[in-house]
Amino acid sequence: MSKAFELARELEKLRINNMYKQDFYWTWDKTDDEIAAVFAVADALRDLREHNKSTRIFNSGLGISLFRDNSTRTRFSFASACNLLGLEEQVLDEKKSQIAHGETVRETANMVSFMADVIGIRDDMYIHQGHEYQKTFMDALEDGYRTGILEQRPTLVNLQCDVDHPTQCMADLLHVIHHFGGVENLKGKKVAMTWAYSPSYGKPLSVPQGVIGLFTRFGMDVTLAHPEGYDVMPEVEQIARENCEKYGSRFTKTNDMKEAFQDADIVYPKSWASFAAMEERTRLYAAGDKAGIDELEQRLLAENAQHRDWTCSEDMMKLTKDGKALYLHCLPADISGVSCEEGEVDSSVFDRYLVPLYKQASFKPYIIAAMIFLAQIKDPAAALLELDGGQEKRKTF
Amino acid sequence: MSKAFELARELEKLRINNMYKQDFYWTWDKTDDEIAAVFAVADALRDLREHNKSTRIFNSGLGISLFRDNSTRTRFSFASACNLLGLEEQVLDEKKSQIAHGETVRETANMVSFMADVIGIRDDMYIHQGHEYQKTFMDALEDGYRTGILEQRPTLVNLQCDVDHPTQCMADLLHVIHHFGGVENLKGKKVAMTWAYSPSYGKPLSVPQGVIGLFTRFGMDVTLAHPEGYDVMPEVEQIARENCEKYGSRFTKTNDMKEAFQDADIVYPKSWASFAAMEERTRLYAAGDKAGIDELEQRLLAENAQHRDWTCSEDMMKLTKDGKALYLHCLPADISGVSCEEGEVDSSVFDRYLVPLYKQASFKPYIIAAMIFLAQIKDPAAALLELDGGQEKRKTF
Amino acid sequence: MSKAFELARELEKLRINNMYKQDFYWTWDKTDDEIAAVFAVADALRDLREHNKSTRIFNSGLGISLFRDNSTRTRFSFASACNLLGLEEQVLDEKKSQIAHGETVRETANMVSFMADVIGIRDDMYIHQGHEYQKTFMDALEDGYRTGILEQRPTLVNLQCDVDHPTQCMADLLHVIHHFGGVENLKGKKVAMTWAYSPSYGKPLSVPQGVIGLFTRFGMDVTLAHPEGYDVMPEVEQIARENCEKYGSRFTKTNDMKEAFQDADIVYPKSWASFAAMEERTRLYAAGDKAGIDELEQRLLAENAQHRDWTCSEDMMKLTKDGKALYLHCLPADISGVSCEEGEVDSSVFDRYLVPLYKQASFKPYIIAAMIFLAQIKDPAAALLELDGGQEKRKTF
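Residues numbered from 1 in each chain as written. Chains lettered and ligands numbered in written order. Predicted model: local features only at pLDDT ≥ 70, side-chain atom pairs only at ≥ 80, totals over all residues.

Each helix and strand counted, chain A has 16 helices and 11 strands in total. Projecting the C-alpha coordinates of chain A onto the three principal axes gives extents of approximately 55 × 55 × 45 Å. Taken over 397 residues, chain A has a buried fraction of 58%. For chain A, contacts bridging at least 24 residues in sequence account for 83% of all contacts bridging at least 6. (Helix = DSSP H or I, 4+ residues; strand = E, 2+ residues; numbered from the N terminus. Buried ≥ 20, exposed ≤ 12 C-beta atoms within 10 Å, placed from the backbone. Contact = placed C-beta atoms within 7 Å.)

This is the structure we're talking about:
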């Protein structure tokens, strides 16, 4: 009996009817069963691929990707996920299109979606705008479908917005689940989601937000650590706090990195900008205040430079559980002495965790494929069983 | 009995043997049966897709696109059409290629076509050059096929040249046909193809030319309206005039926008450059006369600015048949107060027609796919019947 | 009995077990049987395609291309080869990725390869670095596969490095084999691999190196001609010399272009940079010595300009066997009076050989596909027989 078969059987027990034809914005929009379903399908698709079974569920169709920020791994993960399911990726490159000529989001959305089954959008540059853009895009497609412009209603995979980075955080968590031997082993595990110094500034908040919003659903003890002023969105902290009540988790905040690392089972040290500063930047851009933006940047860089000691050093790692916490990063990391003089992590720490780090990343294509699978197939358990039992191979010879 | 089945039966009655392995440059190269065949196949492919039937006629093969001007909807329409039929799109990006290193068109054409079944080219920037480029490209491929360099002779879909924009205008017309409930209802309908003001200048003439060359084949009463000096190519006007005799249509010219809008069933107000000015620009570029080009641009912008009153306002719309003419635009439109201060259309008019406008655009992928289908399949009616009767689904589950 | 069938039977006799899951860096890494296998599979795939038989061996999977230098024909050849076998090409564009943010080669390699079956890399800009880069990339993937990060170990096709250009030179040789009616007719044929003048400087050495390293394996009489100072890598000359002993070939060096052309059956005149100068350039870049690089460029251009007489003129062609040697070029050529004032070849010579030149290029997609086929299929002869005997068509109707 294959792993895919077992996972399909598990999937049958979950209440996931609401996933069909739905978008994936934020993990906290989804029920526990829906989150569990994404993990099950991701693992099942991986099992099918490892056993050279076809996972094509489309014989034609497009997955449209729109990256409003640079990307390597998410871009390739999305392309891989589309290909795995039989969709061809088409990149909407705003520079090559006529969008600059004053086209509205609503118009663009419809124009690229005539044969699209899936839309993947990364828009994480401005706080209060990334999610807004995705929502506007998908509302336009909903309208387009309702009014008969589109034959199908494509579904969204949020490839990172200003609020959440669900494909990243779910890949992170699936890695954690495998590492600890099952979701049932996560209860009580101590997670340090901490800020870390990077010479660059202005990195999105979506990873720390996504982590505190998701990991607190699994009975874990999550500490969010950052220097004063580097707070994340209060709405997401609120979600983490509500999760604690519901799931018996803990969510603590501290301005002391060491406190977070103390006895941690999992550490996730990475740089991000402060929410308040990012709000200010959004306002300044909206007002076209270039001098104000330059001044803000200088101020933030100066402030940022005061926290060079927030780094994942060997000494810091020694504080963790048996000195061997699982080190997570969404990559690329700012590695001291490698990609910058002083950064988020010591190179010796980073190098020791290279294999687990890359494994962590390897879950992303399957998480994305699972999100597509669940949004596009009415009876995903039956489909998995048929793929598993079928004769079609991925590689014919 | 499915719509695709009925359309395949209609297709059987048409004389379209000459379409196999032929290029699609201009609609006026094609017979009435050939034009009817494109519409029938486009509708049939749409019906098949709506019923989740496979439309893959290739299991491998490339569709090469070459855009010498920015594009969103035509680019995605071409990619969608290729994907629908089983071809993978490959973009020939002149910036990333070695074409700048002095490669000839003949060489490039052959080098990218070893496994190409279809070529799509947009080249609309310079009058007298767009079509010329496409012709040179395809002549090179004809040679390549004849001399055994290429295993197959790819067929061209003109994605816009300086003369015609057949995929646009046929999508426009298919939309009109559906709107009025059949091609038999077009006789006598009044069409206003009119110039409209846009702050930018130098837009291609291919849409107004394509419209007067195609719509006059359907017994319609087509008025071409523009300010003095904004004439289109005389050769295409001549085609429109000849169509009138052959098809009992009317073709009128006026310098009065209101005259064109009066009682119109269909209005198509959009900006374009004057043919004479574009000819001059081509000459200046050929001569490398940069000062002359700048001077011309200033002169044209000044001239252009005098015609701000050529706009599709609510008042203008009131002049049309029952105040409810079908408003067409190839998109993106220059909308007053939205994408520019003063432009081609009032935002209230544009917004009222949003759904039909997007529907108009939705026909383009199918028109392109139909052109490919008819050029690549010897017995397209039989192929449609087989696809319609077959068991292969586009989406398996 | 089809040609593909016969070629599959020939393939059965070759000892090629070591090709499965192996990378293709340099032709001289491969045994005679392995080289023969690439030619046999390339011809067989071409035969299958000409007879409209499916050559899809993957139903999903990616071929990743990474071009660190501009390319038209190799880029399209790789994309075509992938498509022919059922893989989707994904381009790793270093400008759009986060590589600039300090990501290591090892990391990038793993991040783009989660669902990759094939990697194609062109890196020919700096001597001693192109091959090094490819090796580092593939070692990282080997590690990734061994440690369970990747489900499959993608195989490399070297799309040009600083040392060899195997897809080009094998396409060149397959063209030569077809031209002379079989590999058995190559013995004793005189080949002039000669330097030729081009106003640009710094072209890669991989083509002359690849040619002398490969053509000397077929009993041919290969002359490498260039002005003093334009030597190629000594290691590759050494390989050519060793081939002579093993295969009864001849390898001669001269600084006289006429001597090389005299009685030649095949001429391959093209520009390249001198190995010593390219080594110096690599050192200067490593040291960040911009002034030194500019000075070097000026010196090389001045030196280069002294050899304008090294051109493939009509007079030079008259020296060759019956004045009718087969003229080869990897394209694009610098054609005198066409792409430059004075260049590698007279336009009348180039024009006379246009059809054979394009045929030469037409083998490259099949050579690449054959390299992939042999690295990805355990029993390639059986696979060819099955494809040849099967009912699946490339184009269904």
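It is worth spelling out the relation of the copies chain C and chain A at this point. Each of the two chain copies can be generated from the other by rotation about an axis followed by a shift along it. Of the transformation superimposing chain C on chain A, the axial component is 0.0 Å and the angular component is 120 degrees, with the fit at an RMSD of 0.0 Å. Within this description, the copies of the chain are treated as partners about a three-fold rotation axis. It is Glu-88 of chain C whose C-alpha, among those of chain C, lies nearest the rotation axis, at 4.6 Å. (Least-squares fit on C-alpha atoms with pLDDT ≥ 70 in both.)

The operation relating chain B to chain C is a screw motion whose rotation component is 120 degrees, with 0.0 Å of axial translation and a residual RMSD of 0.0 Å. Counting the interface residues of chain B, we find that no more than 3% of their copies in chain C are interface residues as well, pointing to two distinct contact surfaces.

To summarise the sheet geometry, strands pair through backbone hydrogen bonds and adopt either a parallel or an antiparallel arrangement. Residues and elements named next belong to chain B. Here we have 5 strands laid out as an open sheet, ordered S7-S6-S5-S8-S9, and parallel in their pairing. Looking along the sheet, the strands with just one partner apiece sit at the ends: strand S7 (250-254) and strand S9 (326-327). Examined bridge by bridge, strand S6 (residues 221-225) and S7 share 5 bridges and lie parallel to one another. Its bridge partner lying in S7, Ala-225 is registered against Thr-254. (Pairing = 2+ DSSP bridges.)

Our focus in this paragraph is the domain arrangement of chain A. All names here are of chain A. Looking at the assigned domains, one finds that chain A contains domain 1 (3-163 + 365-389) and domain 2 (168-361). A straight line from the C-alpha centre of domain 1 to that of domain 2 covers 26 Å. Counting from both sides, the interface comprises 17 residues of domain 1 and, opposite them, 23 residues of domain 2. When residues of the side of domain 1 that touches domain 2 are assigned to their parent elements, the largest contribution, 4 residues, is made by helix H2 (residues 32-50). Here the side of domain 1 that touches domain 2 is composed, by residue class, of 9 nonpolar, 4 polar and 4 charged. (Domains from an automatic or database assignment. Nonpolar A, V, L, I, M, F, W, Y, C, P; charged D, E, K, R; others polar.)

Residue and element names in this part refer to chain A. Across the sheet, which stays open at both edges, the 4 strands sit in the order S2-S1-S3-S4 with parallel pairing between neighbours. Single-partner strands in this sheet number two, and they are strand S2 (88-91) and strand S4 (155-158). Each neighbouring strand pair of the sheet contributes to a mean axis angle of 25 degrees, computed without reference to strand direction. As judged from the 6 bridges shared by strand S1 (residues 62-67) and strand S3 (residues 116-122), these two strands associate in the parallel manner. Considered in S3, the bridge of Leu-62 is made with Ala-116. Sheet contacts for helix H3 (residues 73-85): S1, S2 and S3; angle to S1, the most-contacted strand, approximately 170 degrees. (Axes fitted to C-alpha atoms, helices over the stretch in contact; angles between N-to-C directions.)

Residue and element names in this part refer to chain A. Packing of helix H10 (residues 275-286) against helix H11 (residues 290-305) brings their axes to within 9 Å, and their N-to-C directions diverge by 165 degrees. Looking at the two axes, H10 sits roughly antiparallel to H11. Considering the relative orientation of H10 and H11, their crossing is left-handed. Counting all contacts with H10, which are made through Ala-277, Glu-280, Arg-281, Leu-284 and Tyr-285, the residues of H11 involved are Gly-292, Ile-293, Leu-296 and Leu-300. Considering only residue class, the contact of H10 with H11 consists of 6 nonpolar, 1 polar and 2 charged. (Parallel < 35°, antiparallel > 145°, perpendicular 65-115°, else oblique. Left-handed = near helix turned anticlockwise from the far one by under 90°.)

A word on the pairing of strand S2 (residues 88-91) of chain B. Residues and elements named next belong to chain B. Here S2 shows no split at all, with Glu-88 and Gln-90 on one side and Glu-89 and Val-91 on the other all buried. Strand direction decides the pairing type here: strand S1 (residues 62-67) and S2, joined by 4 bridges, are parallel. Following the sheet pairing, Ile-64 is matched in S2 by Gln-90.

Residues and elements named next belong to chain A. In contact at an axis separation of 9 Å, helix H6 (residues 166-179) and helix H7 (residues 206-215) are set at 55 degrees when each is read in the N-to-C sense. By the angle between their directions, the pair H6 and H7 is classed as oblique. Where H6 crosses over H7, the handedness of that crossing is right-handed. For the pair H6 and H7, the contacting residues are Pro-166, Gln-168, Cys-169, Met-170, Asp-172 and Leu-173 in the first and Val-207, Gly-210, Val-211, Leu-214 and Phe-215 in the second. Considering only residue class, the contact of H6 with H7 consists of 8 nonpolar, 2 polar and 1 charged.

With that out of the way, let us pick up the interface of chain C and chain A. Often the size quoted for an interface is simply the accessible area lost on bringing the parts together. Facing the 29 residues of chain C at the interface are 32 residues of chain A. Only strand S2 (88-91) and helix H4 (105-111) of chain C provide two or more residues apiece to the side of chain C that touches chain A. Considering each element in turn, the side of chain C that touches chain A owes the most residues, 4 residues, to H4 of chain C. Per-class residue counts for the side of chain C that touches chain A are 11 nonpolar, 13 polar and 5 charged.

A few words now on the environment of Pro-154 of chain A. Residue and element names in this part refer to chain A. Mapped onto the secondary structure, Pro-154 falls in the loop between helix H5 (130-146) and S4. Between the C-alpha atoms of Pro-154 and Arg-394, which are 240 residues apart in sequence, the distance is 25 Å. Each residue touching Pro-154, except ones within four places of it in the same chain, is listed here: Ser-113, Ala-116, Asp-117, Val-118, Ile-119 and Leu-141.

Turning our eyes to something else, we now look at helix H1 (residues 3-12) of chain B. Each full turn of the α-helix corresponds to 3.6 residues, which orients residues three or four apart in the same direction. Residue and element names in this part refer to chain B. Among the residues making up H1, those that are buried are Ala-4, Leu-7, Ala-8 and Leu-11. Buried positions in H1, seen along its axis, are confined to an arc of 105 degrees and lie on one side of it. Where the residues of H1 are buried, they touch helix H2 (32-50) and helix H16 (380-389). (Arc of directions from axis to C-beta.)

Facing 29 residues of chain B, the contacting portion of chain C comprises 32 residues. Residue assignment for the side of chain B that touches chain C shows that the elements contributing at least two residues are S2 and helix H4 (105-111) of chain B. Among the residues making up the side of chain B that touches chain C, the classes are represented as 11 nonpolar, 13 polar and 5 charged.

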